[in-house]
Amino acid sequence: MTKAEELRARAARATQRAASTTLEQHEPGAPAAEATPAPRPSVIRAKPVRITADLSPQVYRGLIDYAAGLAETQGRVRVRVAHVHVTRALVAELLENDKLQVAIARRVRVQVDD
């Protein structure tokens, strides 16, 4: 069983427990209310989520060169800008920029169709 399947199974069991607890709370002889599944609580992670991506050597070199150029333009010659900072900034910008979302959607469509 994969981790995702295990989590889904645990969530389903929790929902069933919540629904059965709700039904048991009614007094005997009282009409039972419709059983509605308990709303799933939002999961708030305390720790950051790690992602990985395989990049071609050319794309990786471009990312490293961009980060190095960024450090230079910001006057951080002795302190490098790690590519992870560029990646985090890119994702943050993607979430806020509608035009960038459209452009990324086009590129993803091309990748998926290949």
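In short, a report on the structure. All values derive from a computational prediction rather than experimental measurement.

1. Some details on the overall build of the chain
For step 1, the next point in the chain: A count of helices and strands for the chain gives four helices and zero strands.
For step 2, the next point in the chain: Counting helices and strands in the order they occur from the N terminus, the chain gives α-α-α-α.
For step 3, the next point in the chain: The buried share of the chain, reckoned over its 114 residues, is 7%.
For step 4, the next point in the chain: Restricting the contact set of the chain to residue pairs at least 6 apart, pairs at least 24 apart contribute 6%.
For step 5, the next point in the chain: When the accessible surface of the chain is split by element, carbon and sulfur atoms take 56% of a total near 10,700 Å².

2. Digging into a nonpolar patch on the surface
For step 1, the next point in the chain: Taken together, the side chains of L55, V59 and Y60 make up a nonpolar region of the molecular surface, amounting to roughly 270 Å² of accessible area.
For step 2, the next point in the chain: Secondary-structure assignment places Y60 in helix 2 (residues 57–73).

Quick notes on the rules
Residues numbered from 1 in each chain as written. Predicted model: local features only at pLDDT ≥ 70, side-chain atom pairs only at ≥ 80, totals over all residues. Heavy atoms only, no water. Helix = DSSP H or I, 4+ residues; strand = E, 2+ residues; numbered from the N terminus. Buried < 20%, exposed > 50% of the residue type's maximum accessible area, 1.4 Å probe, protein only. Contact = heavy atoms within 4.5 Å. Areas by Shrake-Rupley, 256 points an atom, 1.4 Å probe, with all protein chains shown as cover. Patch = residues over 30% accessible without salt bridge, like charges linked within 9 Å, V, L, I, M, F, W, Y side chains within 5 Å. Salt bridge = Lys/Arg side-chain N within 4 Å of Asp/Glu carboxyl O.

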